[in-house]
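In case you want the letters, here they are:
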Protein chains: 4
Amino acid sequence: MARSDFKFFHDFRVRYSEIDAQGIVFNAHYLTYFDTAITEYLRRDEFDYSALVKETGCDFHLVKSLVNYEKPIPFDEDIEVGCRTGAIGNSSVTFILEIFKKGQEDRFANGEIIWVLTDQTTHKTVRVPDNIRNLIEKIESGQ
Amino acid sequence: MARSDFKFFHDFRVRYSEIDAQGIVFNAHYLTYFDTAITEYLRRDEFDYSALVKETGCDFHLVKSLVNYEKPIPFDEDIEVGCRTGAIGNSSVTFILEIFKKGQEDRFANGEIIWVLTDQTTHKTVRVPDNIRNLIEKIESGQ
Amino acid sequence: MARSDFKFFHDFRVRYSEIDAQGIVFNAHYLTYFDTAITEYLRRDEFDYSALVKETGCDFHLVKSLVNYEKPIPFDEDIEVGCRTGAIGNSSVTFILEIFKKGQEDRFANGEIIWVLTDQTTHKTVRVPDNIRNLIEKIESGQ
Amino acid sequence: MARSDFKFFHDFRVRYSEIDAQGIVFNAHYLTYFDTAITEYLRRDEFDYSALVKETGCDFHLVKSLVNYEKPIPFDEDIEVGCRTGAIGNSSVTFILEIFKKGQEDRFANGEIIWVLTDQTTHKTVRVPDNIRNLIEKIESGQ
């Protein structure tokens, strides 16, 4: 994979609160970067996540996280997290995430997050609705 | 103040995730220690915080936090946080917190947390009910 | 105090990782916002914090944090943290911080952070050097 | 896998600071539980991690994290994290981690953490030394 595989990036500057005694970003915070990047990736004028939850009674739950840590990320580093949708299953969405030095090919980490849509009352998995499939298609086609 | 002013302590061992590049606990995590210590201080078989919220429609909100950082706390340190109630006003409760090296007089920090009870519908402050006043009195009297 | 008292603001968008079960920013994360805002406030082409530590063998330690929580901050809120220097003592610097809804007078919180400069070998407090005094004067005069 | 595959468990009580707006542990904090559990798993009177770093100039870096989130973990839940070594390669150690409701077969999550030992000067991977191999063998044999 490379930068050019991503149509969406979200920028972060590493906070002092995020680094550990080795002077690099503590491993758990990569998941916070991923989570925040997915939120921004899905942010669209025409899409309201809270409305989805309210109207359908369904919500996404994270079922898998994977991070491959390639190079340590130092304090104050300007990074950008590329986010794209790897696959949409019946009830799941797989996001592919990679962390780059801002504006460069230099990659710090790559990983994957899987969400599953669940009915909040019955706790059963639910088919990802068409409006979300269309939204992701639009984002990925660069519209 | 000294250790002997506290009837309640909650133990922590400093996690690697809580220290920063100086190798000591990052300042924000002291508030997590305080928050967790207050939860344990109020934990009593006869008191159910969630029930309070459900039954009365009121909930406490934190309105002030103060920390005086006296000595840095290193990784893996065994600490204990003393918690006591400094004052109960009409709608507020003031907790006094101090962090000690476990079992010793050696103090790392001291501080204060103020909670205010608020009606979740009207957003107005509400008198702290007698069952909470009695609970705190019991805890402080060492019962 | 008001927005107009600040010459420097740093923007944040509230992350999902920062909110609690009440759906609002957890109290400890205000200190992370403050810490990050101070880092950005002091960021200047002509000032290198790491160089200060290396060259003088001195480093600032946080000795006090105070937060007054005025209104809860919800998920996804666009906020800005105003930062200014309240006072410079012999070895201490007091920062004043206030959190606003982005671009508005609406204030969520206010607080104070005090740093003390310490010699890393002798652990004694040290006079804040002139280059930092001049730097802060420059920032506060809007240069 | 089941509880009986683990000889080592470390207990946690879920902190209010660790839950999100869904009222359950935020996904990134699972990695903090894992990290803390590994620290405790390796804690032995005869083993001093800091001494290893100082004496050999080598340190472990985390290169992979994987979490499968099976059931949400609510606030205040008493959990225990089982930790065991899945494999020791030339320069890597793979830890297997599973989160259970305390004292029960009920599993909340499972995952894997891989560490690689690296020379801090040359940044090259280094063979895991015999004293660590022996230590892990001892822990796994229940000594």
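Above this text you will find the structure in question.
As the structure is a prediction and not an experimental result, all values here were calculated from the model. (Residues numbered from 1 in each chain as written. Chains lettered and ligands numbered in written order. Predicted model: local features only at pLDDT ≥ 70, side-chain atom pairs only at ≥ 80, totals over all residues. Heavy atoms only, no water.)

Chemist: Sorry if this is basic, but what is going on with the pairing of strand β5 (residues 107-119) of chain D here?
Modeler: Within a regular strand, the side chains alternate between the two sheet faces. All names here are of chain D. Of all 13 residues in β5, twelve are buried, a share of seventy percent or more. Relative to β5, strand β2 (residues 58-69) runs antiparallel, the two sharing eleven bridges. Considered in β5, the bridge of Asp-59 is made with Thr-118. With nine bridges connecting them, strand β4 (residues 92-101) and β5 associate as antiparallel partners. When the sheet's bridge partners are listed, Phe-100 is paired in β5 with Arg-107. Linking β4 to β5, which pair antiparallel, is a turn of five residues; within it Gly-103 sits at a positive phi near 75°. (Buried < 20%, exposed > 50% of the residue type's maximum accessible area, 1.4 Å probe, protein only. Helix = DSSP H or I, 4+ residues; strand = E, 2+ residues; numbered from the N terminus. Pairing = 2+ DSSP bridges.)

Chemist: Help me understand the relation of the copies chain D and chain A in this model?
Modeler: The operation relating the two chain copies consists of a rotation about an axis and a shift along that axis. Relative to chain A, chain D is turned by 180° and slid 0.0 Å along the rotation axis, the superposed coordinates differing by an RMSD of 0.0 Å. Accordingly, the operation relating the two chain copies is best matched by a two-fold axis. Nearest to the rotation axis, the C-alpha of Leu66(D) is located 2.2 Å from it, this being the minimum over chain D. (Least-squares fit on C-alpha atoms with pLDDT ≥ 70 in both.)

Chemist: Before we go on, may I ask you to explain the interface of chain D and chain A in this structure?
Modeler: Accessible area lost on assembly of the parts is the figure often given for the size of an interface. Counting residues at the interface gives 19 residues for chain D and 19 residues for chain A. Together, the buried faces of chain D and chain A total about 1600 Å²; carbon and sulfur atoms form 52% of this surface. The interface formed by chain D and chain A includes zero salt bridges. At the boundary of chain D with chain A, the tally comes to ten residue pairs in polar contact (both at pLDDT 80 or more). At the level of secondary structure, the elements contributing two or more residues to the side of chain D that touches chain A comprise α1 (29-42) and β2 of chain D. With eleven residues, β2(D) is the single largest residue contributor to the side of chain D that touches chain A. The class makeup of the residues in the side of chain D that touches chain A is ten nonpolar, six polar and three charged. As judged from the five bridges shared by strand β2 (residues 58-69) of chain A and β2(D), these two strands associate in the antiparallel manner. Bridge pairing in β2(D) places Val67(A) opposite Ser65(D). (Contact = heavy atoms within 4.5 Å. Buried area = accessible area lost by both parts, 1.4 Å probe. Salt bridge = Lys/Arg side-chain N within 4 Å of Asp/Glu carboxyl O. Polar contact = N/O pair within 3.5 Å; in protein donor to acceptor, adjacent residues only side chain to side chain. Nonpolar A, V, L, I, M, F, W, Y, C, P; charged D, E, K, R; others polar.)

Chemist: What exactly am I supposed to notice about helix α3 (residues 130-140) of chain C here?
Modeler: One turn of the α-helix equals 3.6 residues, which is why residues spaced by three or four share an orientation. Residues and elements named next belong to chain C. Residues of α3 that are buried include every one of Ile-132, Arg-133, Leu-135, Ile-136 and Ile-139, and no others. In an axial view of α3, the angular spread of the buried residues amounts to 160°, which keeps them on one side of the axis. Next to the buried residues of α3 lie α1 (29-42), α2 (49-56), β2 (58-69), β3 (78-88) and β4 (92-101). Gly-142 lies just past α3 and shows a positive phi near 80°. (Arc of directions from axis to C-beta.)

Chemist: Help me out: how do you make sense of the packing of aromatic side chains in this one?
Modeler: Geometry of an aromatic ring pair is reported as the spacing of the ring centres plus the angle between the planes. Following the criterion strictly, the structure yields 60 aromatic pairs over all chains and no others. With 6.1 Å between their ring centres and 85° between their planes, Tyr41(C) and Phe95(C) make a pair best called edge-to-face. Residue Tyr41(C) is found in helix α1, and its partner Phe95(C) is found in strand β4; the two are separated by 54 residues along the sequence. Judged by its relative accessible area of 2%, Tyr41(C) is buried. On the basis of relative accessible area, Phe95(C) is assigned to the buried category, the value being 1%. By way of ring pairs, the aromatic residues Phe8(A), Tyr41(A), Phe47(A), Tyr49(A), Phe60(A), Phe95(A) and Trp115(A) are connected into one cluster. Lying over the aromatic face of Phe9(D), Arg3(D) brings its terminal NZ or CZ to 4.7 Å of the ring centre. For the cation-ring pair, Arg3(D) lies above Phe100(D), with the distance from its terminal atom to the ring centre recorded as 5.5 Å. (Phe/Tyr/Trp six-rings, centres within 6.5 Å; stacked < 30°, edge-to-face > 60°. Lys NZ or Arg CZ within 6 Å of the ring centre and 35° of its normal.)

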